[in-house]
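Single-letter residue listing:
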Amino acid sequence: MKRCPKCDATMVTDDVFCEADGTRLINSVPSVRATAPTLYAKCPACGQPEPDEGDGYCSSCGHRLAGNRSTPPLIPIGAKIAGSEVVAARAADDFVVRGPHGELTVAIGSAAAVAAEASALTALGGVAPFPKLVEHGDDPRHGSFVAITSPPSSARRLADVAPAMSLDKALAVVHRVLDAAEAVERAGFDWLPEHGDLWVLEDGSLASSRLRGALPLPEGGRLDARALCEALGAALLPEPMIRTSPRLLRARIAHRLVDPDANRTIDDLRAEISAAFARVVDAPTPLDRALGALCDGGFRRDHNEDACAVATGETNGERWTVLVVCDGVSSSTHAEQASAIASKTACDALAHFARSGDVAFEAATAAMSQAIRAAHLAICASNIEHADAEPPGTTIVAGFVYKRRLTVGWVGDSRAYWVSATGAELLTRDHSWANETVARGEMTEAEAMRAPLAHALTKCLGPLEVGDIPHEIEPEVRARDLPGPGHIVLCSDGLWNYFPSAVMVADLVRAAGRDAHAESIARQLVNHALARGGGDNVTVAVFAHET
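Every chain is numbered independently, its residues counted from 1 as its sequence is written. It should be noted that, the model being predicted, local features are given only for residues of pLDDT at least 70 and side-chain atom pairs only at 80 or more, the latter also being counted only at that level, while totals for whole chains, interfaces and linings use all residues. Side-chain figures throughout are based on the complete set of non-hydrogen atoms in the structure, without hydrogens or water.

J.: So what about the overall build of the protein? Which residues, and what values?
T.: For the protein, the helix and strand inventory stands at 14 helices and 22 strands. Note on classification: 1.4 Å probe, protein chains only; a residue is buried when its accessible area is under 20% of the maximum for its type, exposed when over 50%, partly exposed between these limits. When the 547 residues of the protein are sorted by exposure, 52% land in the buried category. We call two residues in contact whenever any of their non-hydrogen atoms come within 4.5 Å of each other. Sequence separation of 24 or more characterises 66% of the internal contacts of the protein that already satisfy a separation of 6 or more. Computed with a 1.4 Å probe, the accessible areas rest on the Shrake-Rupley method; for each residue, only the protein chains presented here act as cover. Approximately 23400 Å² of the protein is accessible, and the part contributed by carbon and sulfur atoms is 52%. Every helix listed is a DSSP run of H or I at least four residues long, and every strand listed is a run of E at least two residues long, numbered separately from the N terminus.

J.: Provide a residue-level description of the pairing of strand S22 (residues 538-545), including the pertinent values.
T.: Counted residue by residue, S22 has eight buried out of eight residues, so it is predominantly covered. Judged by which residues are buried, S22 turns out to be covered on both faces: Val538, Val540, Val542 and Ala544 on one side and Thr539, Ala541, Phe543 and His545 on the other are all buried. Note that strand S13 (residues 291-296) and S22 share six bridges and pair antiparallel. Within the sheet, the bridge partner assigned to Leu294 lies in S22 and is Val540. Only strands joined by at least two bridges in the DSSP assignment are considered to pair. By the bridge criterion, six bridges tie strand S21 (residues 486-491) to S22 in an arrangement that is antiparallel.

J.: I'd love a proper account of the side chain of Glu305, names of residues and values included.
T.: As for its placement among the helices and strands, Glu305 is situated in the loop between S13 and strand S14 (306-315). By the counting scheme adopted, Arg and Lys are positive, Glu and Asp are negative, and His together with the chain ends is not counted. A side-chain nitrogen of Lys or Arg and a carboxyl oxygen of Asp or Glu constitute a salt bridge if their distance falls within 4 Å. Among buried charged residues, Glu305 stands out as having no salt bridge; its nearest opposite-charge side chain is Arg301, 4.1 Å away. Among all residues touching Glu305, those that are not within four sequence positions of it are Cys326, Asp327, Gly328, Val329, Ser330, Ala335, Glu336, Ser339 and Asn537.

J.: Go over the sheet that holds S21, please, and point to the residues and values.
T.: Paired through their backbone hydrogen bonds, the strands of a sheet run either parallel or antiparallel. In spatial order, the strands read S13-S22-S21-S18-S19; together these five strands make up an open sheet with antiparallel pairing. Every interior strand has two partners, whereas the edge strands, S13 and strand S19 (424-426), have only one. The sheet shows a mean angle of 15° between the axes of neighbouring strands, taken without regard to direction. Note on method: axes are straight lines fitted to C-alpha atoms, helices fitted across the in-contact stretch only, with angles between N-to-C directions ranging 0 to 180 degrees. Sitting on the sheet, helix H14 (residues 518-531) is in contact with S13, S21 and S22, with an inclination near 25° to S13.

J.: Explain the state of the cysteines to me, and be specific about the residues and the numbers.
T.: The criterion for a disulfide is a pair of cysteine sulfur atoms lying within 2.5 Å. By the definition in use, this model includes zero disulfides. Distance from the sulfur of Cys295, which forms no disulfide, to the nearest cysteine sulfur (Cys308) is 5.2 Å.

J.: Explain the nonpolar core residue by residue, including any values.
T.: Core analysis: the largest hydrophobic core is formed by 71 residues, its most contacted members being Leu158, Trp191, Leu211, Leu228, Leu525 and Val540. The biggest single contributor to this core is helix H3 (residues 167-186), with 10 residues. Non-local contacts of Leu228, meaning those with residues more than four positions away in its chain, are made with Val177, Leu178, Ala181, Trp191, Pro193, Leu223 and Leu269. As used in this record, nonpolar core signifies buried Ala, Val, Leu, Ile, Met, Phe, Trp, Tyr and Cys residues forming a set joined through side-chain atoms within 4.5 Å.

J.: Run through the side chain of Arg212, naming residues and quoting values.
T.: Relative to the helices and strands, Arg212 is located in the loop between strand S12 (206-208) and helix H4 (226-236). Given the relative accessible area of 14%, Arg212 is considered buried. The contact partners of Arg212, leaving out residues within four places of it in the chain, are Asp93, Asp94, Glu117, Trp191, Leu192, Pro193, Glu194 and Asp197.

J.: How would you explain the pattern of salt bridges if you had to name every residue and give the values?
T.: The full count for this structure, using the stated rule, is 22 salt bridges. Note that Arg210 is salt-bridged to Glu117, the shortest N-O span being 2.8 Å. Placement of the pair is Arg210 in the loop between S12 and H4 and Glu117 in helix H1 (residues 111-124), with a sequence separation of 93 residues. Like Glu117, Arg210 is buried.

J.: How would you sum up the packing of aromatic side chains? Please name residues and give values.
T.: For any pair of aromatic rings, the description consists of the separation of the ring centres together with the inter-plane angle of the planes. In this scheme Phe, Tyr and Trp rings, the latter by its six-membered ring, pair at centre separations within 6.5 Å, and the angle between planes marks the pair as stacked below 30 degrees, edge-to-face above 60, and tilted otherwise. The full count for this structure, using the stated rule, is two aromatic pairs. Between Phe130 and Trp191, the aromatic rings sit 5.0 Å apart at their centres with planes inclined by 75°, giving edge-to-face as the arrangement. Separated by 61 residues along the polypeptide, Phe130 in the loop between H1 and strand S8 (133-139) and Trp191 in the loop between H3 and strand S11 (198-200) bring together distant segments of the chain. Trp191 matches Phe130 in its accessibility class, with the two residues each being buried. As a reminder, the over-ring test applies to NZ of lysine and CZ of arginine, requiring each to be within 6 Å of the ring centre and within 35 degrees of the ring normal. Sitting over the face of the ring of Trp496, Arg415 holds its NZ or CZ atom 3.6 Å from the ring centroid.

J.: Talk me through the sheet that holds S8; I want residue IDs and the actual numbers.
T.: Ordered by their spatial adjacency, six strands build an open sheet running S4-S5-S6-S7-S9-S8, and the pairing between neighbours is antiparallel. Looking at strand neighbours, the two that pair on one side only are strand S4 (80-81) and S8, the edges of this open sheet. Across five bridges, strand S7 (residues 102-108) lies against strand S9 (residues 143-149) in antiparallel orientation. What sits directly across from Ile108, in S9, is Phe145. Contacting S7, S8 and S9, H1 crosses the sheet at an angle of about 25° to S9.

J.: Please provide a residue-by-residue account of the layout of surface pockets, values included.
T.: Site definitions follow a grid-based scheme: protein atoms alone, a 1 Å grid, a 1.4 Å probe that fits but cannot get out for cavities, and for pockets an open set with protein on both sides within 12 Å along at least five of seven lines, plus lining residues having an atom within 4 Å of a point. Grid points are joined across faces, edges and corners, and a volume is the space filled by probe spheres set on the points. Each pocket or cavity is described by its volume, and for the second largest pocket that value is around 380 Å³. The wall of the second largest pocket is formed by 19 residues, among which Arg415, Asp430, Glu445, Met449 and Trp496 lie closest to the centre. Sorting the residues of the lining of the second largest pocket by element identifies helix H9 (433-439) and helix H10 (445-450) as the ones contributing at least two each. For this scheme, ten residues count as nonpolar: Ala, Val, Leu, Ile, Met, Phe, Trp, Tyr, Cys and Pro. Four count as charged, namely Asp, Glu, Lys and Arg, and the remainder, Gly too, count as polar. In terms of residue class, the lining of the second largest pocket is made up of eight nonpolar, six polar and five charged.

J.: Summarise helix H8 (residues 364-381); cite the residues concerned and give the values.
T.: The end-to-end C-alpha distance of H8, which contains 18 residues, comes to 25 Å, matching closely the 26 Å that a straight helix rising 1.5 Å per residue would cover. Ala364, Ala367, Met368, Ser369, Ala371, Ile372, Arg373, Ala375, His376, Ile379 and Cys380 are the residues of H8 that are buried. The secondary structure elements touched by the buried residues of H8 are helix H7 (335-355), strand S16 (396-402), strand S17 (405-411), helix H11 (463-466) and strand S20 (476-481). Asn383 sits one or two positions beyond H8 and adopts a positive phi of about 55°. Take the number of residues in a helix, subtract one, and multiply by 1.5 Å to get its expected span.

J.: Pulling in residues and values, what's your account of the pairing of strand S5 (residues 84-91)?
T.: As paired elements, S4 and S5 share two bridges and run antiparallel to each other. Pairing of Lys80 across the sheet is with Glu85, part of S5. In this structure, the hairpin formed by S4 and S5 is closed by a connection of two residues, where Ala82 is found at a positive phi of approximately 55°. Relative to strand S6 (residues 94-99), S5 runs antiparallel, the two sharing five bridges. The residue of S6 that forms the bridge with Ala91 is Asp94. Here S5 folds back onto S6 in antiparallel fashion, the turn holding two residues.

J.: Any details on the packing of H3 against H4? Residues and values, ideally.
T.: Look at H3 against H4: their axes get within 11 Å of each other, and the N-to-C directions meet at 150°. Put simply, H3 runs roughly antiparallel to H4. Remark: the crossing between H3 and H4 carries right-handed chirality. Two secondary-structure elements touch here, H3 through Val174, Val177, Leu178 and Ala181 and H4 through Leu228, Leu232 and Leu236. Its residues placed into classes, the contact of H3 with H4 shows seven nonpolar, no polar and no charged. Geometric relationships in this document are graded by angle, where less than 35 degrees denotes roughly parallel, more than 145 denotes roughly antiparallel, 65 to 115 denotes roughly perpendicular, and other angles denote oblique. In this scheme, a crossing is called left-handed if the near helix is turned counterclockwise away from the far one by less than a right angle; it is called right-handed if the turn is clockwise.

Written out as structure tokens, the structure reads:
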């Protein structure tokens, strides 16, 4: 009996190579491979613990995990391979060795994969940023390998230096990676880098420690740039990528795109990244730094059922601001129409209240209730066609700020948060099955959130709530004084599903930076939801209260 030193499979005595992965076989001896199951400690892109469910992609954000596993290396430190001593392991199949040729990187793998990488390195002839091929062969114990030059000792992984990069410096690195990919493509090979393969030298130039996945391209074939999207995205998240546009996040998570052919070529990817970076780097500062909103469809829905509306102005020399976020009920018909009608109607009603001057004499709580009821009746009166399907419905959360007073009204599970330098608070209470079950003492919060009906609504706007005979609904309204500077954040569950606590939302707001304007904060909050997977439409509205 013989045993494969790489995958631990057993073969008959006459076999020379493993049928599973092509590694040269050895006689039956204790395997150096770890016997613990192969797991990922966490996703390098979004931080999700144990993210791999068996397909090699993060179950939360979809990042390609291959090469980032937490398994011990196949070859222990101090062992010999190709006549050199292993002194460090970069991954399960990447090693730093010292021997007759000095310090090198040795990569092991199947005979076919190793041979392809060696051929590609030979064809490139050591062109930057790729390593030079020193040796290619078979080790009696560990199988096929390539020995290649290592990045200089002063080099640092791109993922380690990226958090301190400005957007323009990150863009320069991205284009260097694309330049390298074009060189590989011209040589007739593919390239499937992992985020840990990319390094930055002291002068800012790029180095790649491997030419991973360098299979020959067919005649006239193009390199599939989607692997570059994922490698770059993982290396540049959360910073500085989180400060870019949602459009660039879509390029980053390539296999989550609705259009599977998008960003397929290097030219497509270069144009997309340049355009997305330019929108952020060159974008003028908004005229109103205190108010911003963004509504994004996410990655996994074919249309956007969220909506938002904002308004601001002055009455009697005092500023007022309206923010509204609505999330159409996905099980209902034309939910996107319901959310659009509700957000506009409520925003217009509150803005009219403020402009009329009544704001100086009447309580905003009554105006908030009336605005939400008006939104509900507007949906019911719209006669949206629904045939025999569920009639339209939507959630709503609205905020109204005048002087130092905040009034919040809501129906459903869209939320409002208050974030200040000293704390954070969830201002709303979800109208959901989970919340009501917990309130009755029938389940703990953790148990309720794991239940199939966890996100089922118990109240919404529109005929889905009241049936064929329209009648008023009763929104929940609360008001509070604002003690000082801070941020009001309204959002749909596309954000809070990933960051459910007020503390988590506050951390994201503060991470945007003290000088970040409200539009930038809203964009970064949306991007955080997209980086975590973008499983739903996500909408965020932000107001910076400065006094």
